[in-house]
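# Residue-level structural notes
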Amino acid sequence: MRFVMFYHSLVSDWNHGNAHFLRGVATELQARGHEVRIWEPRDAWSVENLVREHGEAPLDGFRQAYPGLTSTRYDAKTLDLDAALEGAEVVIVHEWSDHDLVRRVGEHRRDGGRYRLLFHDTHHRSVTEPESMSAYDLTHYDGVLAFGGVIRDLYLRLGWTQRAWTWHEAADTRVFHPIPGAEPEGDLVWVGNWGDDERTAELHEFLLRPVKELGLRARVHGVRYPEHARAALRDAGIEYGGWLPNYEAPRLFARFKVTVHVPRRPYVKALPGIPTIRPFEALACGIPLVSAPWNDAEGLFTPGEDFLVARNGDEMKRHLRMLVDDPQAARELAERGLRTLLARHTCAHRVDELLAICEELGVGGGMAPSASPAPLPPAPAAVS
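Everything in this summary refers to the structure shown in the same document. Residue positions within a chain follow its written sequence, with the count starting from 1. Note on the predicted model: pLDDT of at least 70 is required for a residue's local features to be given, and 80 or more for side-chain atom pairs to be given and counted; whole-chain, interface and lining totals, by contrast, use all residues. Hydrogens and water are ignored here; the side-chain numbers use all heavy atoms of the structure.

### Structural notes on the overall build of the chain
Numbering of helices and strands runs from the N terminus; a helix is a DSSP stretch of H or I covering at least four residues, while a strand is a stretch of E covering at least two. The secondary structure content of the chain amounts to 16 helices and 13 strands. As a reference, a globule follows 2.2 Å times the number of residues to the power 0.38, and the radius of gyration itself is taken over C-alpha atoms. Taking 384 residues into account, the globule formula puts the C-alpha radius of gyration at 21 Å, and the chain, at 21 Å, falls close to it. With the C-alpha coordinates aligned to their principal axes, the bounding extent of the chain is approximately 65 × 45 × 40 Å. To sort residues, take the accessible area from a 1.4 Å probe on protein chains only and compare it with the maximum for the residue type: under 20% means buried, over 50% means exposed, and anything in between is partly exposed. For the chain, the proportion of its 384 residues judged to be buried stands at 55%. Summarising the internal contacts of the chain: among those between residues at least 6 apart in sequence, 75% fall at separations of at least 24. Accessible surface is estimated by sampling points in the Shrake-Rupley manner with a 1.4 Å probe; for residues, cover comes only from the protein chains shown. Within the structure as shown, the chain displays about 15,900 Å² of accessible surface, and the carbon and sulfur contribution to it stands at 49%. Think of it this way: Lys and Arg go in the positive column, Asp and Glu in the negative one, and His and the chain ends go nowhere. Note that the charge is assigned to NZ on lysines, CZ on arginines, CG on aspartates and CD on glutamates. Within the chain, one finds 44 positive and 55 negative side-chain charges whose respective centroids are separated by 2 Å. We call two residues in contact when some of their heavy atoms are within 4.5 Å.

Pasting the structure below:
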């Protein structure tokens, strides 16, 4: 089939975690013989910030790391949707897209588009910024892909859509996998952005203080670290490595003994069951993981077996000390997490889910590429 996708960016992952999953899904679709066309805005802030800080070299690095993936940059004012959507059978529009583009694509579908149209939500804004999210006109969309059950239910309950499916993020195991034999560099590594004060207190409790009090050799990579954050890292004895291309993370994980997951507050308090993509990728790389509290409400993993959970800073210190000092225990924890990841949470699993949704909507499953989608059955009742 021909998939057409509108996302914020494929080529840049600067403060843009959705690029990770998009790259993995697009690669997997192509590997199965599907055609993938990706559109991203010419003025994407992720690309602009990346080039401003690091020049054009990271864009060349992306092309070398993903030689089979390309995107077309567009100007929203001049985008020709007839040309962009020609021959499409499945169209996916990500929620970081402009409101006007979301509306225009919906109207194109209404006016005879021979494809199924899905909206993809991978953020907490449906809870934290409901006014902005409710302003998206999804009237002519065939449904919503939500990266957690609580978000799926919210769309249905509020009447923002008639159909929605849970579609969690996952690891691209073509890129994220264990790398044995790497030269050790330290004890703990964390890859993540400072978080717009959505987890400042949590980072101090579950990362900075444990590292300082244990005297661990630690490094942090990420962007948007204000000076007070960098000062806190220095005080804790943590090296700050700045932005790291996401595809370089496996080689980084291979050189450290343990990593942590510190979820942002909205996911802990309002969106249980959504871990974001970072833990998937860490587990895929075979590094032991300790998480600050989050509720695995959808049973993605087995906390305590696939990774350890620290209920407070003192417990985080105990877990980290044990994993750093006991290589056998660390290896067993990492192996269990990797087994679960490979069995349930790869981009291949998510493409299986996406293709099943497409068949439910009347496309795929052997249907001729030029055939119009069958009429949709009645939507399921909203979940209360």
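From this point on, the discussion continues.
### Here we look at the side chain of threonine 346
Within the secondary structure, threonine 346 is located in the loop between helix H15 (327–344) and helix H16 (347–360). Under the relative-accessibility criterion, threonine 346 is labelled buried at 5%. Think of a polar contact as two N or O atoms within 3.5 Å of one another; within protein, one of them needs to be a possible hydrogen donor and the other a possible acceptor, and neighboring residues in sequence only count if both atoms come from side chains. At 2.8 Å, the side chain of threonine 346 forms a polar contact with the side chain of histidine 349. Excluding its chain neighbours within four sequence positions, the residues that come into contact with threonine 346 are Ala170, Ala171, Thr173 and Leu341.

### Re empty space enclosed by the protein
Cavities and pockets were defined on a 1 Å grid built from protein atoms only: a cavity is a group of points that admits a 1.4 Å probe but offers it no way out, a pocket is an open group of points flanked by protein on both sides within 12 Å along at least five of seven lines, and a lining residue is one with an atom within 4 Å of any such point. Grid points are joined across faces, edges and corners, and a volume is the space filled by probe spheres set on the points. Here the structure, examined in full by the defined rule, presents two cavities of 30 Å³ or more. By volume, the largest cavity amounts to about 50 Å³. Val11, Ser12, Asp13, Arg23, Leu50, Pro58, Phe62, Trp243, Pro245 and Tyr247 are the residues that line the largest cavity. Classification used: nonpolar for Ala, Val, Leu, Ile, Met, Phe, Trp, Tyr, Cys and Pro, charged for Asp, Glu, Lys and Arg, polar for all others including Gly. Considering only residue class, the lining of the largest cavity consists of seven nonpolar, one polar and two charged. Taken as a whole, the second largest cavity encloses approximately 30 Å³ of empty space. Lining of the second largest cavity is provided by Met5, Tyr7, Phe21, Leu22, Val25, His120 and Trp167. Of the residues forming the lining of the second largest cavity, the biggest block, three residues, is contributed by helix H1 (residues 18–31). Considered class by class, the residues forming the lining of the second largest cavity number six nonpolar, one polar and no charged.

### Concerning the state of the cysteines
Cysteine sulfur atoms that pair up within 2.5 Å are treated as a disulfide. Considering all chains together, one arrives at zero disulfides under this definition. Cysteine 358 carries a free sulfur, and the closest cysteine sulfur to it, the one in cysteine 347, is 16 Å from it.

### Side note on the packing of aromatic side chains
Centres within 6.5 Å make a pair out of two Phe, Tyr or Trp rings, where for Trp the six-membered ring is used; the pair is then stacked when the planes are under 30 degrees apart, edge-to-face when over 60, and tilted otherwise. Under the defined criterion, the tally for this structure stands at 16 aromatic pairs. On the basis of an interplanar angle of 55° and a centroid distance of 6.5 Å, the ring pair of phenylalanine 119 and tyrosine 155 is categorised as tilted. Of this pair, phenylalanine 119 sits in strand S5 (residues 116–121) while tyrosine 155 sits in helix H8 (residues 149–157), and the two are 36 residues apart along the sequence. Its relative accessible area of 0% is what places phenylalanine 119 among the buried residues. Clustering of aromatic rings is evident, with ring pairs tying together Phe119, Tyr136, Tyr141, Tyr155 and Trp160.

### Here we look at the sheet that holds strand S9 (residues 218–221)
Strands were regarded as paired on the criterion that DSSP finds at least two bridges between them. Reading across the sheet, the six strands line up as S10-S9-S8-S11-S12-S13 and stay open at both edges, with parallel pairing between neighbours. Of all strands in the sheet, those with a lone pairing partner are strand S10 (238–240) and strand S13 (308–309), marking the two edges. Here strand S12 (residues 289–291) pairs with S13 via two bridges, running parallel. For serine 291, the partnering residue across the bridge sits in S13 and is valine 309. The axes used here are C-alpha line fits, helices contributing only the stretch in contact, and every angle between their N-to-C directions lies in the interval 0 to 180 degrees. Its contacts with the sheet put helix H9 (residues 200–214) on strand S8 (186–191), S9, S10 and strand S11 (256–261), and the angle it makes with S8 is roughly 155°.

### A few points about the environment of leucine 117
Within the secondary structure layout, leucine 117 lies in strand S5. A C-alpha to C-alpha distance of 13 Å links leucine 117 and glycine 87, two positions 30 residues apart in sequence. In contact with leucine 117, other than residues within four places in its own chain, are Val91, Val93, Val105, Gly106, Arg109, His140, Tyr141, Asp142 and Gly143.

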